[in-house]
Amino acid sequence: MMISLLREKDTDEVIQFLKQDSIAAAFIIGNVMEFGLDNRKDQRRCGDYYGYFSKGHLVGILPFYNMGSCIPLFHEEEVIEPFAQIMIQRPLEVLIGMKKFVKPLYDIISGDKNTLMYQESSYFVNKSLTPFQLGDSSFAEVNELDHHRVVDFVKDAYWQGFHQQYSLKEVEAFVEQRAIEEEFLFLMAKDKMVAQAYIQAATDEINQIGGVYTVEEERGKGYCKALVSKLCQNIILRGKTPTLIVRKNNFSAVRAYTSLGFTYFDDYLLIKFQV
């Protein structure tokens, strides 16, 4: 076996490996295709990609992104222990991915990392959309709105909706460093931004929706459901499948998504550590 840092020359082999499990690898595929394997420190979605080779074949990838996240994916159990040792040695803020990949690694590293949050989620796919529309509202793309208003809204959304605190500079980088296909939509009610949703990963097969948020005083009006429905329609027009991740205990969101035609695909974990 051999572990090495992957480089641009490895791109074709990496993409071929990732496409064997294309939905689980959606984040990684999207990042590699748009931002490459070499780590450009000014790009939050670049990072260090460790590859595990067995008998000359790539069987595992462990990316550490500049935004602080790690998304493991592997095909052989032999990668678990050496990958865990790398994770113990490196600073790690967020560990995310399908449970079948994340849990075995977490079981090893949890004794060396201080866990702040352990979130059980479900990965949903939509192959039969039931559209949902609202009256008295409209959609606006991120580049159609005042930049400062957008950044302020997204910053508040991260904190109020996802308990993640970022600086204005970090939020600006998030808004600006997006792939062409990664739509960022807002729902407007009376010319006011009240909800957001965006495509957080894009591959040849899927578009993964994320960042679904409504300001607290406007919840319960179907705004996020309408936004997700609109994104799903756009995704399907591109000939791709909409997917998303939802917390298992977010029952209102689960009901909304299933009513749109989303169905369960696999278990998903999001784990935060103290750095």
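Here the residue numbers are simple positions, counted from 1 along each chain's written sequence. With pLDDT at 70 or above as the cut-off, local features in this predicted model cover only qualifying residues; side-chain atom pairs require 80 or more to be listed or tallied, and sums for whole chains, interfaces and linings still use all residues. Computation of side-chain values covers all heavy atoms of the structure but excludes hydrogens and water.

- For the chain, an unreviewed UniProt entry supplies the name GNAT family N-acetyltransferase and the organism Pelosinus baikalensis.

Brief notes about the pattern of salt bridges
Item 1. By definition here, a salt bridge exists when the distance from a side-chain nitrogen of Lys or Arg to a carboxyl oxygen of Asp or Glu is within 4 Å. Under the definition given, this model contains 13 salt bridges.
Item 2. In this structure, Lys-9 engages Asp-10 in a salt bridge whose closest nitrogen and oxygen atoms are separated by 3.2 Å.
Item 3. One salt bridge connects Glu-181 with Lys-240, and the closest N-O pair in it is separated by 2.7 Å. You can see Glu-181 sitting in the loop between helix H6 (168-176) and strand E9 (184-189) and its partner Lys-240 sitting in the loop between helix H7 (223-237) and strand E12 (241-247), a full 59 residues away along the chain.
Item 4. With a relative accessible area of 22%, Glu-181 lands in the partly exposed category.
Item 5. Each residue gets one of three labels from its accessible area relative to the maximum for its type: buried under 20%, exposed over 50%, partly exposed in between, using a 1.4 Å probe on protein chains only. Take Lys-240: its relative accessible area is 14%, and that puts it in the buried class. Put simply, DSSP marks the helices as runs of H or I at least four residues long and the strands as runs of E at least two long, and each gets a number from the N terminus on.

What to know about the pairing of strand E6 (residues 94-98)
Strand residues, when the strand is regular, have side chains that alternate between the two faces of the sheet.
Item 1. When you tally the buried positions in E6, you get five out of five residues, the bulk of the element.
Item 2. As paired strands, strand E4 (residues 69-70) and E6 are joined by two bridges and run parallel to one another. Each residue of the ladder has a partner; that of Ser-69, found in E6, is Val-94.
Item 3. DSSP bridges decide pairing: two strands pair if at least two such bridges lie between them. For E6 and strand E13 (residues 262-273), the ladder comprises five bridges, and the chain directions are antiparallel. Opposite Met-98, over in E13, you have Tyr-268 as the bridge partner.

Looking at helix H8 (residues 251-259)
Item 1. If you check which residues of H8 are buried, you get Ala-253, Ala-256 and Tyr-257. The arc that holds the buried residues of H8, viewed along the axis, is 95 degrees, so those residues lie on one side. Counted as exposed and oriented over 90 degrees from the buried face of H8: Phe-251 and Arg-255.
Item 2. Throughout, a contact is declared for two residues whenever any of their heavy atoms are within 4.5 Å. Buried-residue contacts for H8 involve strand E7 (115-126), strand E11 (206-214), H7, E12 and E13.
Item 3. Just downstream of H8, Gly-261 is the residue with a positive phi angle, here 110 degrees. Each direction from the helix axis to a C-beta atom contributes to the arc, which is the arc of those directions.

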